Amino acid sequence: MLQLIKNKIWHPFLAWVGPKLYGNPSRKLYVIGITGTKGKSSTIELLSEIFDCAGIQNAALSSVHKKVGNERHVKASDNTMPGRLAIQKFLKEAVDAECKVAIVEVTSQGVMQNRHRYIDFDAAALTCLHPEHIEGHGSFENYRGAKVSFFRYVANEPHKAPPLFFINKKEENSSYFEAAVALKGKVIDFSKEWLLRERLKQNTLSQWFQSDFNLANAALATAIAESYGVDWEHIYKAFKEFKGVPGRLEAYSGYIKEEDGSKKLVHAIVDYAHTPVSLESVFSFLRKEQEKSAGNLICVFGSAGGGRDKWKRPEFGQIAEKYCQKIVLTSEDPYDEDPKAIIEEIKGGMSSAEKVEVIVDRKEAIEHALKTAKEGDLVAVTGMGSQQYYYGPKGAKLPWSEARIIRGILKEV
């Protein structure tokens, strides 16, 4: 009952108050909302880079960074999509910094709590859609419905101009989004195939752009930028200068000293992949890359606790067994669940535990994987990405950094 009251009264009230406190800042900006299951932060970071290269002052709010003009900071909030007042404050800061464009990450849970309300969005974009947050929404249909309702909101609210909607029509669920915005604005299609055929011609960019999922993110960023008037020259320049996103296919290399005094070169990847689709996308891409060097793919991962999407745990095990030569199962934000029990659920999706090791302490698991890797192997640490905290029992919130742990083990090349 209390949650119902919050969703029906308190959250809408805060959403209504926010723009009044900050002077309706979204009316003075071109606001782009990006939603989807994965790829939101990567698309936002790349799109902001494109606007920078084109000399267009912009602000961006993703799960990784808060950027306003030339100021960029690691986002302090635990919420991917901050509260209503925080978003309005961010938009006001963008106006004060003379930004022309603001890009906001929109989540299904944020939509449920009305965090998108009373923001004058000029464009809405969908990266992709796969099962996620099922426990929180009750079903995939409800989860999809929350995303669709964001598009419907943008379609039906007053605008400075007819809104734009970016939908990959090849996506399985695209028809629901198209139906929600029918005759309310312009739908712009995009896909990685379109990007390769019409713009890139030949993909000679960095490794970040070699994966199918990041090519899809790049295609969306390109479509949005071009709709705003950015030419391909500036977009391609941004592609070449883009350094990637922290915790998203982020690469590390360094030496480890062996007991006999020799050194071995070890490579590692950190990625936020935390759904079956994203995990399979990352592992299949890395497996293909490893086949070129005949090295093994070693994965280190777990699954979040707190009753979150338990259904995906055995699927994680099945996917890892398919692509990885060695698997190190560990803890990952267990909250009040027993991490060993979570690991057993992951193992339940595997046909054999032959290549599996269990090291509950996540730091020890990462260190073990790196130190036992052979030259030419790749260690993929997935699930937490650039998270700044590890969430344990009884509300424990421990400072965390996968990057710092790996850098502390590998000596610079």
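Being a predicted model, the structure only gives us computed values, none of them experimental.

Novice: I tried to follow the overall build of the protein on my own but got confused; where do I start?
Specialist: A count of helices and strands for the protein gives 15 helices and 17 strands. For a compact globule of 413 residues, the expected C-alpha radius of gyration is about 22 Å, and the protein comes in at 22 Å, within 12% of that figure. For the protein, the C-alpha atoms occupy an extent of roughly 70 × 55 × 35 Å along the three principal directions. Every one of the 413 residues in the protein was classed for burial, and the buried ones make up 54%. Sequence-distant contacts in the protein: of pairs separated by 6 or more residues, those separated by 24 or more amount to 73%. For the protein, the accessible area works out to roughly 18400 Å², and carbon and sulfur atoms hold 50% of it. Counting 57 positive and 53 negative side-chain charges, the protein places the averaged centre of each group 5 Å from the other.

Novice: Please explain the pattern of salt bridges as it appears in this structure.
Specialist: Pairing between side chains becomes possible if they bear opposite charge and their charged atoms approach one another. Evaluation of the coordinates by the stated rule reveals 21 salt bridges. The salt bridge involving Glu93 is made with Lys66; its shortest N-O contact spans 2.8 Å. Of this pair, Glu93 sits in helix 3 (residues 84-96) while Lys66 sits in strand 3 (residues 65-68), and the two are 27 residues apart along the sequence. On the basis of relative accessible area, Lys66 is assigned to the partly exposed category, the value being 27%. With a closest N to O distance of 2.8 Å, Lys371 and Glu367 form a salt bridge. With a gap of four residues between them, Lys371 and Glu367 both fall in helix 14 (residues 362-372), about one helical turn apart. Given a relative accessible area of 43%, Lys371 falls into the partly exposed group.

Novice: Can you help me understand empty space enclosed by the protein in this one?
Specialist: Empty pockets left among the atoms are what a rolling probe the size of a water molecule brings to light. Counted according to the given criterion, the structure contains one cavity of 30 Å³ or more. As for the largest cavity, its lining consists of Ala273, His274, Leu279, Phe301, Gly302, Phe316, Glu332, Thr382 and Gly383. Of the residues contributing to the lining of the largest cavity, the split by class is four nonpolar, four polar and one charged.

Novice: Just to check I follow, could you spell out the packing of helix 2 (residues 40-53) against helix 9 (residues 212-228) for this structure?
Specialist: Each pair of packed helices can be summarised by the angle the axes make with each other and by the distance between the axes. Following both chains from N to C, one finds helix 2 and helix 9 inclined at 40°, their axes separated by 9 Å at the closest point. In this view, helix 2 runs oblique relative to helix 9, as classed from their interaxial angle. Every pair of crossing elements has a handedness; the one defined by helix 2 and helix 9 is right-handed. Taking contact as the criterion, the partners of Ser42, Thr43, Leu46, Leu47, Ile50 and Phe51 in helix 2 are, on helix 9, Asn214, Asn217, Ala218, Leu220, Ala221, Ile224, Ala225 and Tyr228. Among the residues making up the contact of helix 2 with helix 9, the classes are represented as 10 nonpolar, four polar and no charged.

Novice: When you look at the packing of aromatic side chains in this model, what are you seeing that I'm missing?
Specialist: Aromatic rings in a pair are described by how distant their centres are and how their planes are angled relative to each other. The full count for this structure, using the stated rule, is 18 aromatic pairs. Pairing Phe151 with Phe177 gives two aromatic rings, centres 5.1 Å apart and planes at 75°, and the pair type is edge-to-face. Taken together, the residues Phe151 in helix 6 (residues 140-156) and Phe177 in helix 7 (residues 174-180) connect sequence positions 26 residues apart. As far as the burial class goes, Phe151 and Phe177 line up, both buried. Centre to centre, the rings of Phe213 and Phe285 are 6.4 Å apart; their planes meet at 85°, and the pair counts as edge-to-face. Taken together, the residues Phe213 in helix 9 and Phe285 in helix 11 (residues 276-293) connect sequence positions 72 residues apart. Each member of the pair Phe213 and Phe285 is classed as buried. Here the aromatic cluster, defined as three or more aromatic residues joined through ring pairs, consists of Trp208, Phe209, Trp232, Tyr236, Phe239 and Phe242. For the cation-ring pair, Arg117 lies above Tyr118, with the distance from its terminal atom to the ring centre recorded as 5.3 Å.

The rules behind each value
Residues numbered from 1 in each chain as written. Predicted model: local features only at pLDDT ≥ 70, side-chain atom pairs only at ≥ 80, totals over all residues. Heavy atoms only, no water. Helix = DSSP H or I, 4+ residues; strand = E, 2+ residues; numbered from the N terminus. Rg over C-alpha atoms; globule rule 2.2 N^0.38 Å. Buried < 20%, exposed > 50% of the residue type's maximum accessible area, 1.4 Å probe, protein only. Contact = heavy atoms within 4.5 Å. Areas by Shrake-Rupley, 256 points an atom, 1.4 Å probe, with all protein chains shown as cover. Lys, Arg positive; Asp, Glu negative; His and termini not counted. Charge placed at Lys NZ, Arg CZ, Asp CG, Glu CD. Salt bridge = Lys/Arg side-chain N within 4 Å of Asp/Glu carboxyl O. 1 Å grid on protein atoms, 1.4 Å probe; cavity = no way out; pocket = protein on both sides within 12 Å on 5 of 7 lines; lining within 4 Å. Points joined across faces, edges and corners; volume = space filled by probe spheres on them. Nonpolar A, V, L, I, M, F, W, Y, C, P; charged D, E, K, R; others polar. Axes fitted to C-alpha atoms, helices over the stretch in contact; angles between N-to-C directions. Parallel < 35°, antiparallel > 145°, perpendicular 65-115°, else oblique. Left-handed = near helix turned anticlockwise from the far one by under 90°. Phe/Tyr/Trp six-rings, centres within 6.5 Å; stacked < 30°, edge-to-face > 60°. Lys NZ or Arg CZ within 6 Å of the ring centre and 35° of its normal.

Honestly, that's just the spatial picture; any functional story needs more than this.
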